[in-house]
Amino acid sequence: MYLIFEVCNVGYSGNILEAGSVIVKLESGNVLITSCYRPQRVNESNNNLNQDEWIDFLDSNLNFDAKYFLIAGDLNAHHPLWGSNTDYPNGNIIVDNLDFDKVVILNDKSLTHFTLNYSGYSESCIDLTFCSPELFAKYNWQVLDDSWNSDHYPISIEFNMKPLYIHRVNYRYNLKKLNWDIFLNKLTYNQSYFNSIAFSNQDVISRYTVFIEFLNEAILDSLPQKQKRHNDSKVSLNVNNGKNKSKCIWWNDSCNKVVRCRKAALKSIKCSFTMQRFIEVKRLDAFSTKTLRDEKQKSFISFCESVNPKTKFQDFCRTTTIYNNSFKEPCDISGNSKTEQHMCSSIQELSSPKKISTNALNNLENLNDSDNKCEEFDLLNSPFSFDELQCVLNNVKAKSGPGLDKISYEIIINLPEFYQRVLLDIYNDIYECQHFPQDWSDYLVIFIPKGNSCKVRPISLASNILKIMPFS
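How each quantity is defined
- Residues numbered from 1 in each chain as written.
- Predicted model: local features only at pLDDT ≥ 70, side-chain atom pairs only at ≥ 80, totals over all residues.
- Heavy atoms only, no water.
- Helix = DSSP H or I, 4+ residues; strand = E, 2+ residues; numbered from the N terminus.
- Buried < 20%, exposed > 50% of the residue type's maximum accessible area, 1.4 Å probe, protein only.
- Phe/Tyr/Trp six-rings, centres within 6.5 Å; stacked < 30°, edge-to-face > 60°.
- Lys NZ or Arg CZ within 6 Å of the ring centre and 35° of its normal.
- Core = buried A, V, L, I, M, F, W, Y, C linked by side-chain atoms within 4.5 Å.
- Contact = heavy atoms within 4.5 Å.
- Axes fitted to C-alpha atoms, helices over the stretch in contact; angles between N-to-C directions.
- Parallel < 35°, antiparallel > 145°, perpendicular 65-115°, else oblique.
- Left-handed = near helix turned anticlockwise from the far one by under 90°.
- Nonpolar A, V, L, I, M, F, W, Y, C, P; charged D, E, K, R; others polar.
- Pairing = 2+ DSSP bridges.
- Salt bridge = Lys/Arg side-chain N within 4 Å of Asp/Glu carboxyl O.

Draft legend 1. Up close: unusual backbone geometry. With a phi angle near 65°, Asn149 is a residue other than glycine that sits in the positive phi range. Relative to the assigned elements, Asn149 resides in the loop between strand E10 (139-143) and strand E11 (155-159). Residue classification places Asn149 among the partly exposed residues on the basis of a relative accessible area of 40%.

Right under this line is the structure:
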């Protein structure tokens, strides 16, 4: 599933603050998330915040068309309200022009920044977070303890609100994990029912429905139990908080050891600054960086040596992406909200009634007239034979995608002969009574992105059981 967001322009036109905003869709309303930064330019005297610019920045966020807002960033501003020891002009401007009925500060006076040089060690709080009063009780704001060789500590922000997603439909079973022994045993155990009078006395549509439901149940029972899904009602804006780490395939005990030593050295210098401890911190910073780089390089070389002609291309690309520390970019700089809109417009276009041309109607009438002429051809009216069904199954592409019923060609091909004959009887009865299952008129539509744009191309997948019948 993909979080629905859209990059937006809140209308702020100042020169001091650098800011960017996105809209994230929640079930209870949209939230505007703005990241901002006030750079420290030593050579410029007019780099301080002024009252008009800060008010303009706040108003552009508060008055934007969104139910909630969240503002976070490095403002390089000091004030005792959020944990600094002293107050400076930038911090005073921020505090004096805050409407506390509309804006809440999430900072809990935890220190977010440190300075370490030859003159000593000092900490400050210059990374600020503001939010809507309605969201204050739903946020969990905390400063993490590992700076990862930065002079800022990462900040984890979580809020317990349910977001809207573009859901990724799991439209097919992973048959690589299917236990075929369990699957075939379940089919054998229930064979007596499909050979009973109770089953054969049902109408053809009921028999077809029971057959499909039974196959799906047998497949699910033969697959390994899925792990419980994580709670998707919590949106997390965190960095390396240890809870949601992505899989790091090259991390080992040596990496853990150097990181522990680096953190311990930094904690010791917080307690008492000495030149010896300062040198030790710098040495361990450089040593940990080198160790992590070397361990990653060794692991990558080992992976390259393990590649052989049997290595799957998808696995190779996935692994190299992890080593490259790359992330999937959104399809368009404006976010994926436009992709959702293109999907909706494609659905409307597919669902709109199409006018049948006059030539098509005439062809249908001619086809109905020719039905009477074809009665003399017994070959066309004869029931489907088992040999014809086997001929079709031997020529289909087993890896083709299934429809909404999730029954793939691979499942049908591997059915025991008894169940294939049950399916054949259903085909013949459907052809005889001219009554088709409603499921055959429902198609699975998958939207595939077009290149780097946010437009999509719909692909329709019919039931594989339906596609077998015309060729039998």
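After presenting the structure, the write-up continues.
Draft legend 2. Up close: the packing of aromatic side chains. Taken as a whole and assessed by the stated rule, the structure comprises 26 aromatic pairs. With 6.2 Å between their ring centres and 65° between their planes, Trp148 and Trp251 make a pair best called edge-to-face. Remark: Trp251 occurs in the loop between strand E13 (235-237) and helix H7 (253-271) and Trp148 occurs in the loop between E10 and E11; sequence separation between them is 103 residues. Note on Trp148: relative accessible area 31%, which makes it partly exposed. For Trp251, a relative accessible area of 29% translates into the label partly exposed. An aromatic cluster of three or more residues is present, and its members are Tyr193, Phe194, Phe199, Phe211, Phe214, Phe418 and Tyr419. Just above the ring of Phe386 sits the side chain of Arg421; from NZ or CZ to the centre is 4.0 Å.

Draft legend 3. Layout of the nonpolar core. If you look at the biggest cluster of nonpolar residues, it comprises 40 residues, and the most contacted ones within it are Phe211, Tyr427 and Ile465. Within the residue set of this core, elements represented by two or more residues are helix H3 (180-189), helix H6 (204-222), helix H13 (386-393), helix H14 (409-413), helix H15 (417-433) and helix H16 (464-468). At nine residues, H6 tops the list of elements feeding residues into this core. Setting aside anything within four residues of it in sequence, one finds Tyr427 in contact with Phe384, Leu389, Trp440, Ile465, Ile468 and Met469.

Draft legend 4. Fine view of the packing of H3 against H6. For the pair H3 and H6, interaxial distance at closest approach is 8 Å and the crossing angle is 140°. With respect to their mutual orientation, H3 and H6 come out oblique. Crossing of H3 against H6: the hand is right-handed. Here Ile182, Phe183, Lys186 and Leu187 of H3 come into contact with H6, specifically with Phe214, Leu215, Glu217, Ala218, Ile219, Asp221 and Ser222. Considering only residue class, the contact of H3 with H6 consists of seven nonpolar, one polar and three charged.

Draft legend 5. Expanded view of the sheet that holds strand E6 (residues 104-105). Reading across the sheet, the six strands line up as E2-E3-E4-E5-E9-E6 and stay open at both edges, with mixed pairing between neighbours. Where the open sheet ends on each side, the last strands, each with one partner, are strand E2 (5-8) and E6. Here strand E5 (residues 68-74) runs beside strand E9 (residues 127-131); their pairing, made up of five bridges, is antiparallel. Residue Leu70 lies in a different strand from E9, and its bridge partner there is Cys131. Each of strand E3 (18-26), strand E4 (29-37), E5 and E9 is contacted by helix H1 (residues 51-62), which is oriented at about 140° to E5, the strand it contacts most.

Draft legend 6. Structural context of the pattern of salt bridges. By the definition in use, this model includes eleven salt bridges. With its nearest N and O atoms 3.0 Å apart, the salt bridge here joins Arg262 to Asp146. Here the residue Arg262 occupies a position in helix H7, and Asp146 occupies one in the loop between E10 and E11, the gap between them amounting to 116 residues. Considered together, Arg262 and Asp146 belong to a single accessibility category, that of buried residues. The closest approach of N and O atoms between Glu280 and Arg283, which form a salt bridge, is 2.8 Å. On the criterion of helical spacing, the pair formed by Glu280 and Arg283 is a turn pair, its members being three residues apart in helix H8 (residues 275-306). Arg283 sits in the partly exposed class, given a relative accessible area of 45%.

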